[in-house]
Amino acid sequence: TGPMSLECLGNLLRITLSAEYFEDKFLSLFVIDQSGTAWELDEAMAAQCGYAVTYTTWRSIEFRASALSCHSHLEKDVFTVTIQIKASHTPDMSNATTHLKSASCHYGPWSPRELICESNYMEVSVRREVPQTIKDFIQDELEDWTLVFPEAKAEEGSIWQIVFHQPEEKRALLVSNAWSAGYGLKATDSRVLLRVPYTAAQVQLVKVGVLLLAQQAARLCRSNQMPSLQDQGITFSVLRSSTFYKYQWVILMLDTAVACPVDGVDYTNKTITWTVPKYIPLLSDGVISFKDVLVEAGVDLHKLSAKEMASRKYVLLNELKAITMKIPIGAEGGYYKTSVSNGQLGVKYTINLFLEHQWEDSKWRLTKHTIIKEIETPFEQVEVAITNNLNLSVRLMNVTVGTFLPDVELVNLTIEGVSVPVPEVVQHGYLIYRTRYANGSKAYVIQVPLDAPSIKKEYLREDMRAYTLNVTLTFITYPSSETFVVPVIALSAVKDAVVPSARGFCDRRNLHLVITHGNVDQNWLPFISDWHLTQEAAQKYNYILRDNGTHLAISVPFLSPHVSYEGFHTSAIKASFYLTLKDGITLAQRRDFSVSCIFSPSELIQCLPNGTVIITAIKLAGGEDLDTALLVLRDRQCKPSLVTEKTATFKFNVNTCGTSRKFNSTTMTYENEVLHFRPGNDTPIYQLKFLCSYAVKENADVQYESKKNPPPSIKPGFGCLALSLKLFKEKSYSEPYQESEYPVVKYLRQALYFEVELLQPKDARLDLNLDNCWATNSQSQDSLPQWHIITHGCENNKDSYRTVFHKVNYSLRVKFPQHLKRFEVRMFSFVQDTSLLQE
């Protein structure tokens, strides 16, 4: 009970540290010798001195000590081990709590030879016996050992040296040198012990053939021959050695060979099969007879009866050539632990088996061989279950991740690319709960409000919105400290979408569309067909675009490029404006809106008092092949003065263009029509008649005489004009250089394409003319030298490469061709005398 518990298990003592008490603490383990000195335990010391420290999946720490460990006190058949544990919450072990535990275990009787195969060391202890003839021999004069063998000091219970038998040589080490090499030696009144770490330099790996052993063992009894080791079968870690010790003046030798199986485990049909050869040649040198005495097995150093094994579906086979244990994977006695391979989560089944084999032979009489074997099955990948339980009443996403084994712990969440430790996720609106189950496993529950900033919201259809939780969970395993991640993408569909709605209306000259925002259109953008309606684009077409956060309002003039005309009658024109809201990322079409109104045809005609008529012809919906630039009046020489994609504007006097007139007593009516002809066909495919009526109040006789008109004159005027000068990359004038591309570097004589545009006011009556244009050597327009490109509206005739003017035609970008001038100049450099001005 308490933080530690102990068990005496034959020639081993086990002390278990409570996981509940020592969880999340830093530990240091010490072994206390008989003088009270504390020796801190590390891996090397543990293997040399007969200690083993292992961790279980429940985070318990298990300490095992051999009866003949370095610091144990052996008196008769009782061995005592004392350990000290320091536990602290910080790695520097400050404010550590100290726990002392002393345990005594009875062990006996001892076999003449005992072998232990622990997880980190091999141990052999043999009875040391002095022949009676040597005991009875009395020497007249005792020689001083240190005079004959100065190196044979009286230490380690009179052990003098150890000799390793290698295939190619024999190597002798004194006790002090053996200790320095990592070997453990100990002598008591009745026994000599050798302990060998598996990593020791003299240890060899040898294969023992199970199939041949039975045949060789049979031949052994008949012919007194030793079997040869075969290069196949089960691998053993072996050390062949002889230990020399002194008794009075006599040197005695003991065979301290040791062998432990390294493999011999197979995993087939969901079963662990562990095979150990019964006859191990290295341990039977000089043996002429062999007889089984006892075979027992168990789990966690607890022996199991045949009935207990049957209840767990274990099978123990004691056959002629080998001992075999079969354990169903997942059976009682073992446990699953979490494993990570290439970042993938999996499990391994672990069981700590042990086998005790006793046999009699002609050399040792009785040998006891105890093998501790921790078996771990291969990695088996597992899928992590993710369950999303939406709680609509409190608008909460409730995601369960797992289950996981107890050795897994959630350490952080990656939220929108930022790694956040579990204690801090509450600051992002997350709550983490851990659910434990009866079998020790657990799951994690993540709760996030639907309106948390990291929850992605996406409109699906009609009244549905998709809420997506996208986080990555990082876990750590204990005690291996492996990490793995679990991406969690949880999707919930909720009927809470409010889509934008719209109302439309018209006044005498404009169509208006007012859109009320919903809760799904934060990233939706207004489009007219495939054209994004931005604030800058709206200004270009004299549209009015306003957004106050709750409403988006668009106002479009009746005569606009993006208005469709769907019907034309003598009393009415149906005009429609269509607007689409598209997703700002995918450009998927979300909602369509339109407004349609009836306008009077009088909006298309102006009859001015001075006899000037301005008529606008429109292209009707369905007449996409109609080219408005080819519209004419009755006199086909009368062509439109202004053309857009959908309209053509004519400006003429009632006395021209084939206009007919009718008189009656009160009015004078002028009539003409807009026509469109196919090439070579005199039958119009488009015909729009119009008329202007003027009231006739009275007639009067007027005398006049002809007088020569004075020449026209232009009077200077003053006003604010907005102009731009741009440099284009090609003759098509489609792509201007951007501000980031200046200064532009060109080779001499390469063409530069300039465009001057009148930006404001947008008045069709204005024409832009260039008077003087010149180039300077610096950014100041007044600097010298200067070179004239255009002089009095003409190219500079002094230039060998004269300026070339380019015609400007109507296009989608150019609504008023008379507001633009384009010209081409060849690249040149300024020179002074014969020197190039590098500026």
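Bear in mind the structure is a predicted one, so any value in this text is a computation, not a measurement.

### Some thoughts on the sheet that holds strand β51 (residues 642-643)
1) Next: Read from one edge of the open sheet, four strands run β49-β50-β52-β51, paired in antiparallel fashion. Of all the strands in the sheet, just β49 (605-607) and β51 have a single pairing partner and so form its edges.

### Digging into the state of the cysteines
1) Next: One pass over the full model with this rule turns up six disulfides.
2) Next: With a sulfur-sulfur separation of 2.0 Å, Cys-117 is cross-linked through a disulfide to Cys-260. Because the sign of the S-S torsion sets the handedness, a value of about -90° for the bond joining Cys-117 and Cys-260 places this disulfide among the left-handed ones. Of the two residues, Cys-117 sits in strand β10 (residues 113-117) while Cys-260 sits in strand β20 (residues 258-261), which places them 143 residues apart along the sequence. Grouping residues by exposure puts Cys-117 and Cys-260 together as buried.
3) Next: Disulfide partners in the protein, listed by the sequence order of the bonded cysteines, are 1-4, 2-3, 5-6, 7-8, 9-12, 10-11.
4) Next: The thiol of Cys-794 is not disulfide-bonded; the next cysteine sulfur, from Cys-773, is found 12 Å away.
5) Next: Residue class for Cys-794 comes out partly exposed when judged on its relative accessible area of 42%.

### What about a nonpolar patch on the surface?
1) Next: Residues Val-426, Leu-431 and Tyr-433 make up a contiguous nonpolar surface patch of about 270 Å² in total accessible area.
2) Next: Here Tyr-433 lies in strand β35 (residues 431-436).
3) Next: Overall, the relative accessible area of 42% leaves Tyr-433 in the partly exposed class.

### Some points on the pattern of salt bridges
1) Next: Under the defined criterion, the tally for this structure stands at 32 salt bridges.
2) Next: The salt bridge involving Arg-509 is made with Glu-603; its shortest N-O contact spans 3.6 Å. Separated by 94 residues along the polypeptide, Arg-509 in the loop between β40 (501-506) and β41 (510-516) and Glu-603 in the loop between β48 (589-599) and β49 bring together distant segments of the chain.
3) Next: The shortest N-O distance in the salt bridge between Glu-671 and Arg-634 comes to 3.2 Å. Of the two residues, Glu-671 sits in strand β54 (residues 667-676) while Arg-634 sits in the loop between β50 (612-618) and β51, which places them 37 residues apart along the sequence.
4) Next: Judged by relative accessible area, which is 23%, Glu-671 ranks as partly exposed.

### Concerning the pairing of β50
1) Next: Burial of β50 is extensive: seven of the seven residues sit out of reach of the surface.
2) Next: Burial along β50 is two-sided: the face carrying Thr-612, Ile-614, Thr-616 and Ile-618 and the face carrying Val-613, Ile-615 and Ala-617 are both buried.
3) Next: Taken together, the three bridges between β49 and β50 define a ladder with antiparallel strand orientation. Across the sheet, the residue bridging to Cys-607 is Val-613, located in β50.
4) Next: Hairpin geometry of β49 and β50 is characterised by an intervening segment of four residues between the two adjacent antiparallel strands and by a positive phi of about 90° at Gly-611.

Calculation notes
Residues numbered from 1 in each chain as written. Predicted model: local features only at pLDDT ≥ 70, side-chain atom pairs only at ≥ 80, totals over all residues. Heavy atoms only, no water. Pairing = 2+ DSSP bridges. Helix = DSSP H or I, 4+ residues; strand = E, 2+ residues; numbered from the N terminus. Disulfide = S-S within 2.5 Å. Buried < 20%, exposed > 50% of the residue type's maximum accessible area, 1.4 Å probe, protein only. Patch = residues over 30% accessible without salt bridge, like charges linked within 9 Å, V, L, I, M, F, W, Y side chains within 5 Å. Areas by Shrake-Rupley, 256 points an atom, 1.4 Å probe, with all protein chains shown as cover. Salt bridge = Lys/Arg side-chain N within 4 Å of Asp/Glu carboxyl O.

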